[in-house]
Amino acid sequence: MGKPKVASDWLAGCSGCHMSLLDIDERIVDLVKLVDLRATPITDLKHPDESGVDVGILEGGINNSTNEAVAKMMRKRCKILVSLGDCAVFGGVPAMRNFFTLEESLRRAYVETESTDSEGKIPSDPELCKPQRVQAVHEVVPVDIFVPGCPPDADIIYYVLSELAQGRIPDMTKKNLMWN
Ligand code: SF4
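In this report, we go over the structure that sits alongside the text. Bear in mind the structure is a predicted one, so any value in this text is a computation, not a measurement.

### Side note on the pairing of strand S4 (residues 78-84)
Okay, step 1: Counting buried positions along S4 gives five out of seven residues, so the element sits mostly inside the fold.
Okay, step 2: Judged from the six bridges that link them, strand S3 (residues 53-59) and S4 form a sheet pairing that is parallel. When the sheet's bridge partners are listed, Leu-58 is paired in S4 with Ser-83.
Okay, step 3: Crossover handedness for the path S3 to helix H3 (residues 65-77) to S4: right-handed.
Okay, step 4: As paired elements, S4 and strand S5 (residues 145-147) share three bridges and run parallel to each other. Paired with Val-82 across the strands is Ile-145, a residue of S5.

### Some thoughts on the packing of aromatic side chains
Okay, step 1: Following the criterion strictly, the structure yields zero aromatic pairs and no others.
Okay, step 2: Positioned above the aromatic ring of Tyr-158 is the side chain of Arg-27, whose terminal nitrogen or guanidinium carbon lies 4.8 Å from the ring centre.

### So, empty space enclosed by the protein
Okay, step 1: As enumerated under the stated definition, the model contains two cavities of 30 Å³ or more in all.
Okay, step 2: Looking at the largest cavity, its volume works out to about 150 Å³.
Okay, step 3: Lining of the largest cavity is provided by 14 residues; of these, Val-6, Leu-21, Leu-31, Leu-37 and Leu-161 occupy positions nearest its centre.
Okay, step 4: For the lining of the largest cavity, the secondary-structure elements that each account for two or more residues are strand S1 (5-10), helix H1 (16-22) and helix H2 (27-34).
Okay, step 5: For the lining of the largest cavity, the per-class residue count stands at 11 nonpolar, three polar and no charged.

What counts, and at which threshold
- Residues numbered from 1 in each chain as written.
- Predicted model: local features only at pLDDT ≥ 70, side-chain atom pairs only at ≥ 80, totals over all residues.
- Heavy atoms only, no water.
- Buried < 20%, exposed > 50% of the residue type's maximum accessible area, 1.4 Å probe, protein only.
- Helix = DSSP H or I, 4+ residues; strand = E, 2+ residues; numbered from the N terminus.
- Pairing = 2+ DSSP bridges.
- Right-handed = clockwise from strand over helix to strand, strands pointing away.
- Phe/Tyr/Trp six-rings, centres within 6.5 Å; stacked < 30°, edge-to-face > 60°.
- Lys NZ or Arg CZ within 6 Å of the ring centre and 35° of its normal.
- 1 Å grid on protein atoms, 1.4 Å probe; cavity = no way out; pocket = protein on both sides within 12 Å on 5 of 7 lines; lining within 4 Å.
- Points joined across faces, edges and corners; volume = space filled by probe spheres on them.
- Nonpolar A, V, L, I, M, F, W, Y, C, P; charged D, E, K, R; others polar.

Shown next, in the form of structure tokens:
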């Protein structure tokens, strides 16, 4: 049997969860011995294999139709889907806009910010009109494993990936989320 294929992507997030993944430092060498790292934001390949991958990892919430399409493609092409980080798990920082109307959020972002000059206006782009609220990944597609944290600790990410790489489902009970 070949090495399990792993792909990842990011949605509405800050990329900090992928940075935390890189914080596993030299252990990434051990990891790439165990897995076939496919499409990720930090590799040249950008879409998970059409023939499918074993593990898909998503960072970030669903904030627009592109995020939704990426999440659906990953779900369709992976056997086990991991929500990585608070934004993916429950919406996180981007979901703060759910306390406001879409119009209020867009006005704040494009017109009212202190650094915006008098020319500031909301761009005319249909992508900005949907969805009305930020969603966690599991609100759009089924998720198998949730890894909370902002970002999750590198040791937790290493634990989860090394377990999956060896064909085991990681134990995500409290003891494994309370890393020192
Ligand atoms: Fe960034 Fe935190 Fe969201 Fe990860 S969970 S993408 S670190 S804001």
